[in-house]
Each structure stands twice: as structure tokens, then as C-alpha cells.
Amino acid sequence: MIYPFPSPAKLNLFLYITAKRADGYHELQTLFQFLDFGDEIRIEPTRSSEITLLDHLDGVPQEQNLIYRAAKLLQKKTACSQGANIGLIKRLPMGGGVGGGSSNAATVLVALNHLWKTGLSLPQLAELGLTLGADVPIFVQGFSAFAEGVGEKLTPCSVAEKWYLVLKPKVSISTALIFNHPDLPRNTPKRKLAELLTTPWANDCEKIVRDQYLEVDDLLNWLIQYAPSRLTGTGACIFAEFDHEEEARHVFALKPDHVEGFVAQGQNKSPLHQTMNLS
């Protein structure tokens, strides 16, 4: 039997970089919220120990695919002898900063843990997921959160579930290039969550991205005419927030033809966790 599971997008509603660590990673403060839009992972458990990917991403070898790596990691951690055929319906833009790969990995960890009955808790799965990427734990835990450290220190945080228009220009952004850029702010003062929630939100990566990628700059200049707009993560996706779906869809209809995107509502509980009735 094949089981479908949502693999939702996320937005960084704000992102501040507070320090650079000796190991090269950056300390940050960010607010994650899920969207009711994303990829779909389809899993057929098997008695064989083989992990078979039914859909392949261009330019991504199987051994580097986060879906495959997540499944193999769970197998190894739990000494599970079962396997799975795993399909992917891809809706989220790759390299967009909306968490596609990290979300895929998290969905595989949570879903296979359930289907294989391997019995790990969500915190244990999140700890595993952190070895795959800094954004994987938030998708595993499944609650909107204020994140600190490198993104692994999570404090649940419910904010207004607004409507968002998310757009991606035809450009691929190197996260490493942005985080290694000499002009990136790295000393934004740390603030308490209560203060951050009552001040205008911003993204410390946005100026560098706009300077380096004119496509992002042009699209933000267009979108900000209609609603508060900013970058998510290191991009390339940008987003605008609206109080009503109709407003978001009206602006979506006006977008430039060469730009891809979607309209979705913010969710404080992951669609994956809603589907699986996880607390």
C-alpha cells in the first residue's frame, strides 16, 4: 500500500544574524512558520531493506538526495530491516529558501518512523535530522517556532496565520556565498522574543542578496508596492503578507509571466503533523 504524506513549505518571517562561531556556522534568531502548500512524499513500505527512489531530481545523485539519506539514517539508527519505495511530487521550487529539501527529509523521518514502527520520539528524530541540515528539526517537531543557535534551539511560537504570496525569480542563490560574504551583518544584537514580535520584521541577508542578484532586487521592488515584502532565508524566494486570500490572489494574478510562485496560508502546526494527528 502507498501512503501519501505532506512535505510543507516554511517561511522565515524574520532572520537576524547575531554572531559567527569559531566553527564557521552563524548564530541567528529567526521565526519559522509553515505553509499549507508543499511537496508530497508517497511511501510504500517493503520487506526488503532496499530504499528505492521512484522520482529523481535533476543534478542530485541518489547518495546526496536528502530523502534517501534520511531513510538510510533512520534504518541505521534503529537497525531496521525494512525498506521502502519512495516517490516525490515536487511542487516547491528548489533553492528557494522555503525548505523543500529539509522538509522532504523530515517527512521521510517522521513517516517511516511511523510506518516501520521504529519508535523514536519527535525530539530523537529532530536530533537525527540536525545531522542532515539545520532546518530539518523544525519540520520534524512540527510547530511554528522562534529558533536560535544555528536554528536548532526551538521555542514554540504561534503568530497570526496570514495569507502569503510567495514568488521565485529565475535565479539560483548560493547559501554559502551569502553567509561567507564579507558585508553580511554578523553582529545584530540578540533580543528577547517578546521584543522581536512587537517590532517591524526584517532579514539580515536581504541587502546582500539584493546587491548580488538583481533579479531578486527587481522582484522585491515590484512586490513591495502591494504589501509588506521580504526575503525568506537566503532566497531566492520572496514573500508578501496579506490579511485575506483574495488580496493575495489578486496580486498573484498580476505577477510577471516569467516568475513562478504560489499563494498559501501560514500554519502554526505543520500540515504533516495535522495529517498524522501528532501533537
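This write-up is about the structure you can find in this document. Worth saying up front: this structure is predicted, and the values here are computed from it rather than measured. (Residues numbered from 1 in each chain as written. Predicted model: local features only at pLDDT ≥ 70, side-chain atom pairs only at ≥ 80, totals over all residues. Heavy atoms only, no water.)

1. Overview of the overall build of the protein chain
Then step 1. Helix and strand content of the protein chain: ten helices and ten strands.
Then step 2. Taking 19 Å as the expected radius of gyration for a compact globule of 279 residues, we find that the protein chain reaches 18 Å, a close match to that expectation.
Then step 3. Dimensions of the protein chain, computed from C-alpha atoms along their principal axes, come out at roughly 55 × 45 × 35 Å.
Then step 4. Looking at the protein chain as a whole, 55% of its 279 residues are labelled buried.
Then step 5. In the protein chain, of all internal contacts separated by at least 6 residues, the share reaching a separation of at least 24 is 76%.
Then step 6. Accessible surface, the protein chain as shown: approximately 12700 Å² in total, 51% of it carbon and sulfur.
Then step 7. Averaged over its 26 positive side-chain charges, the protein chain has a centre that lies 6 Å from the centre of its 30 negative ones. (Helix = DSSP H or I, 4+ residues; strand = E, 2+ residues; numbered from the N terminus. Rg over C-alpha atoms; globule rule 2.2 N^0.38 Å. Buried < 20%, exposed > 50% of the residue type's maximum accessible area, 1.4 Å probe, protein only. Contact = heavy atoms within 4.5 Å. Areas by Shrake-Rupley, 256 points an atom, 1.4 Å probe, with all protein chains shown as cover. Lys, Arg positive; Asp, Glu negative; His and termini not counted. Charge placed at Lys NZ, Arg CZ, Asp CG, Glu CD.)

2. With respect to the side chain of Asn 65
Then step 1. Structurally, the position occupied by Asn 65 is in the loop between strand E3 (51-53) and helix H1 (66-78).
Then step 2. Residue Asn 65 is classed as buried on the basis of its relative accessible area of 5%.
Then step 3. Within the structure, Asn 65 has its side chain in polar contact with the backbone nitrogen of Ile 67 (distance 2.8 Å).
Then step 4. Residue contacts for Asn 65: discarding those within four places in its chain leaves Leu 53, Leu 57 and Val 60. (Polar contact = N/O pair within 3.5 Å; in protein donor to acceptor, adjacent residues only side chain to side chain.)

3. Digging into the packing of H1 against helix H2 (residues 100-115)
Then step 1. For the pair H1 and H2, the least separation of the axes is 8 Å and the interaxial angle reads 30 degrees. Crossing handedness for the pair H1 and H2: right-handed. On H2, the residues touching Leu 66, Ile 67, Ala 70, Ala 71 and Leu 74 of H1 are Gly 101, Ser 102, Asn 104, Ala 105, Val 108, Leu 109, Leu 112 and Asn 113.
Then step 2. Broken down by class, the residue content of the contact of H1 with H2 amounts to nine nonpolar, four polar and no charged. (Axes fitted to C-alpha atoms, helices over the stretch in contact; angles between N-to-C directions. Left-handed = near helix turned anticlockwise from the far one by under 90°. Nonpolar A, V, L, I, M, F, W, Y, C, P; charged D, E, K, R; others polar.)

4. Considering the state of the cysteines
Then step 1. Evaluation of the coordinates by the stated rule reveals zero disulfides.
Then step 2. Between Cys 157, a cysteine without a disulfide, and Cys 205, which holds the nearest cysteine sulfur, the sulfur-to-sulfur distance is 20 Å.
Then step 3. By relative accessible area, Cys 157 is classed as buried at 7%. (Disulfide = S-S within 2.5 Å.)

5. Overview of the side chain of Thr 188
Then step 1. Within the element layout of this structure, Thr 188 appears in the loop between helix H5 (175-180) and helix H6 (193-196).
Then step 2. For Thr 188, a relative accessible area of 15% translates into the label buried.
Then step 3. A polar contact of 2.7 Å, which involves the side chain of Thr 188, links it to the side chain of Asp 204.
Then step 4. Other than its neighbours up to four places away in sequence, Thr 188 contacts Tyr 16, Ile 17, Thr 18 and Asp 204.

6. Looking at the pattern of salt bridges
Here the idea is simple: oppositely charged side chains can pair when their charged atoms come close.
Then step 1. Throughout the structure, instances matching the rule amount to twelve salt bridges.
Then step 2. Two residues, Asp 23 and Arg 21, come together in a salt bridge whose shortest N-O distance is 2.8 Å.
Then step 3. Residue classification places Asp 23 among the partly exposed positions, given a relative accessible area of 48%.
Then step 4. Residue class for Arg 21 comes out partly exposed when judged on its relative accessible area of 29%.
Then step 5. Arg 42 is the salt-bridge partner of Glu 40, the closest N and O atoms lying 2.9 Å from each other. (Salt bridge = Lys/Arg side-chain N within 4 Å of Asp/Glu carboxyl O.)

7. Remarks on the environment of Ala 71
Then step 1. Tracing the sequence through the fold places Ala 71 in helix H1.
Then step 2. Given a relative accessible area of 0%, Ala 71 falls into the buried group.
Then step 3. Along the chain, Ala 71 and Leu 112 lie 41 residues apart, while their C-alpha atoms are 7.4 Å from each other.
Then step 4. Not counting residues up to four positions away in its chain, the partners in contact with Ala 71 are Ile 51, Ile 86, Val 108, Leu 112 and Trp 116.

8. What about unusual backbone geometry?
Then step 1. Going from Gly 235 to Ala 236, the amide bond is cis rather than trans, its omega being 15 degrees.
Then step 2. By secondary structure assignment, the location of Ala 236 is in the loop between strand E8 (229-231) and strand E9 (238-242).
Then step 3. With a phi angle near 55 degrees, Lys 117 is a residue other than glycine that sits in the positive phi range.
Then step 4. Within the secondary structure, Lys 117 is located in the loop between H2 and helix H3 (122-130).
Then step 5. Owing to a relative accessible area of 71%, Lys 117 belongs among the exposed residues under this scheme.

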